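Here is how the chains run, residue by residue.
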Amino acid sequence: SNNVINAKLVLLGDMGAGKSSLVLRFVKGQFLEFQESTIGAAFFSQTLALNDATVKFEIWDTAGQERYHSLAPMYYRGAAAAVIVYDITSNDSFERAKKWVVELQKQGNPNMVMALAGNKADLEDKRKVSADDARAYAEENGLYFIETSAKTAINVNDMFYEIGRRLPRA
Ligand code: GTP
Ligand code: MG
């Protein structure tokens, strides 16, 4: 059909987890070893053609630095989807991700599609967060879980396609 879905999507997570890198990989197919830390937030758009619908993502890439925390509700309010990103080499980033989940469960749109992305999956030798622990946490909280690498591109497109498949149809 010509079902077009406009979907606001927000990325949240600790500074340095790789939110901007995931967006850059998805939108431009690029990766930067020295990606600059985001100030405030950045906007991108990307269209995906699925079998039954075209999804137009309006993507808000937020800043992970704590001093920007108070801005976050502007970006997740009204969002159809959220990607909460942590870095598999950092336990702190996983703890920060859980705090975002709690905040979204309290303040976010109740129908929001939520994904938990364990990024930097290419750094297996530095892994601190086990995939089993993260998957169990995601299942308990009704999140879609995937490990990604913005660097190698592994699972990045798959994640956005899966989110698109989970969005409610008009
Ligand atoms: P803030 O904007 O400060 O919140 O950070 P961010 O979450 O947007 O992280 P960003 O994308 O800026 O990435 C931080 C650093 O991690 C950069 O140097 C990236 O090159 C690196 N990086 C991001 N994703 C990956 C990945 O999948 N693998 C590896 N090895 N490095 C990554
Ligand atoms: Mg960023």
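Parameters at a glance
Residues numbered from 1 in each chain as written. Chains lettered and ligands numbered in written order. Predicted model: local features only at pLDDT ≥ 70, side-chain atom pairs only at ≥ 80, totals over all residues. Heavy atoms only, no water. UniProt positions renumbered as here; feature names shortened; annotations may be inferred. Near = heavy atom within 4 Å. Polar contact = N/O pair within 3.5 Å; in protein donor to acceptor, adjacent residues only side chain to side chain. Areas by Shrake-Rupley, 256 points an atom, 1.4 Å probe, with all protein chains shown as cover. Helix = DSSP H or I, 4+ residues; strand = E, 2+ residues; numbered from the N terminus. Nonpolar A, V, L, I, M, F, W, Y, C, P; charged D, E, K, R; others polar.

Naming follows an unreviewed UniProt entry, where the chain appears as Ras-related protein RHN1 of Rhynchospora tenuis. As its UniProt record puts it under Subcellular location (unreviewed entry), the chain is described as follows: "Endomembrane system".

Trainee: What is the right way to read the site of ligand 1 from this model?
Mentor: Neighbouring ligand 1 are 24 residues, the closest being Lys19, Ser21, Leu32, Ser37 and Gly64. One nitrogen or oxygen atom from the side chain of serine 21 is found 2.6 Å from an oxygen atom belonging to ligand 1. The contact in question runs from a nitrogen atom of ligand 1 to an N or O atom on the side chain of asparagine 119, over 3.1 Å. Taken by itself ligand 1 offers 660 Å² of open surface, and the protein chains cover 90% of this. Top contributing element to the shell around ligand 1 by residue count: helix H1 (residues 19–28), with three residues. Among the residues making up the shell around ligand 1, the classes are represented as seven nonpolar, 10 polar and seven charged.

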